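Residue-level listing of the chains:
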Amino acid sequence: LHGVPVVGPLAGLVGVADEYRVDEVIIAMPSAPGQVVRQVLQAAEQVGVPTRTVPGLFELIEGHKSVSSLRRVEIEDLLR
C-alpha cells in the first residue's frame, strides 16, 4: 500500500509488529465496523504502537480530505 508491504492479518499483528519493527498501524478501512477498529487498537496498544486511520468515505467524496490525510482514531470510529 503506497510502497509499504501489508505483512499479515489482524490476528498476527503482535508478532508482525515485533518482527518488522512497526512504527505505526494504519487502519485503511474507513467503513470497518467499530468492533474491528477496537480489535486493531487493542492489538496495537499491546505492542505499544500508535494507530491512525484514513478519513471516512463521506469526507473523501466531498473532497474535504484525501486518502493520505491520516488522523487519530476517534470515539466515533469505535461506535459506528
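In this convention, every chain numbers its residues from 1, walking through the sequence in written order. Confidence filtering applies because this is a predicted model: local features only for residues at pLDDT of at least 70, side-chain atom pairs given and counted only at 80 or more, and all residues used for totals across whole chains, interfaces and linings. As a rule here, side-chain values come from all non-hydrogen atoms in the structure, and water together with hydrogens is ignored.

## A few points about the sheet that holds strand 2 (residues 51-53)
- Any two strands between which DSSP finds at least two bridges are classified as paired. What counts as a helix is a DSSP run of H or I of at least four residues, what counts as a strand is a run of E of at least two, and both are numbered from the N terminus. Taken together, the three strands give an open sheet; going across it, the order is 1-2-3, and neighbouring strands pair in mixed fashion. Of all strands in the sheet, those bounded by a partner on one side alone are strand 1 (25-27) and strand 3 (71-72).
- Bridging between strand 1 and strand 2 involves three bridges; their strand directions are parallel. Looking at strand 2, one finds that Ile26 is bridged to Arg52.
- Relative to the sheet, helix 2 (residues 34-46) contacts strand 1 and strand 2, its axis offset from that of strand 1 by approximately 175°. Only heavy atoms matter for contacts: two residues are in contact if any of them lie within 4.5 Å across the pair. Note on geometry: axes are lines fitted to C-alpha atoms, helical ones only across the stretch in contact, with angles between N-to-C directions running from 0 to 180 degrees.

## Focus on the confidence of the model for the protein chain
- Values of pLDDT, ranging from 0 to 100, describe the predictor's confidence in every residue of the model. When the pLDDT values of the protein chain are averaged, the result is 79; 74% of them are 70 or greater.
- The element-level mean pLDDT for the protein chain is lowest in helix 3 (residues 57-61), coming to 61, with helix 2 highest at 89.

## Observations concerning the environment of Pro50
- Here Pro50 lies in the loop between helix 2 and strand 2.
- By relative accessible area, Pro50 is classed as partly exposed at 46%.
- Separated by 22 residues in sequence, Pro50 and Arg72 have C-alpha atoms that sit 8.8 Å apart.
- Not counting residues within four places of it along the chain, the set of residues in contact with Pro50 comprises Asp23, Glu24 and Val25. Exposure is judged per residue with a 1.4 Å probe applied to protein chains only, and the accessible area is read against the type maximum: over 50% gives exposed, under 20% gives buried, and values in between give partly exposed.

## A closer look at unusual backbone geometry
- Its identity is not glycine, yet Arg21 carries a phi of approximately 50°, on the positive side.
- By the element assignment, Arg21 lies in the loop between helix 1 (13-19) and strand 1.

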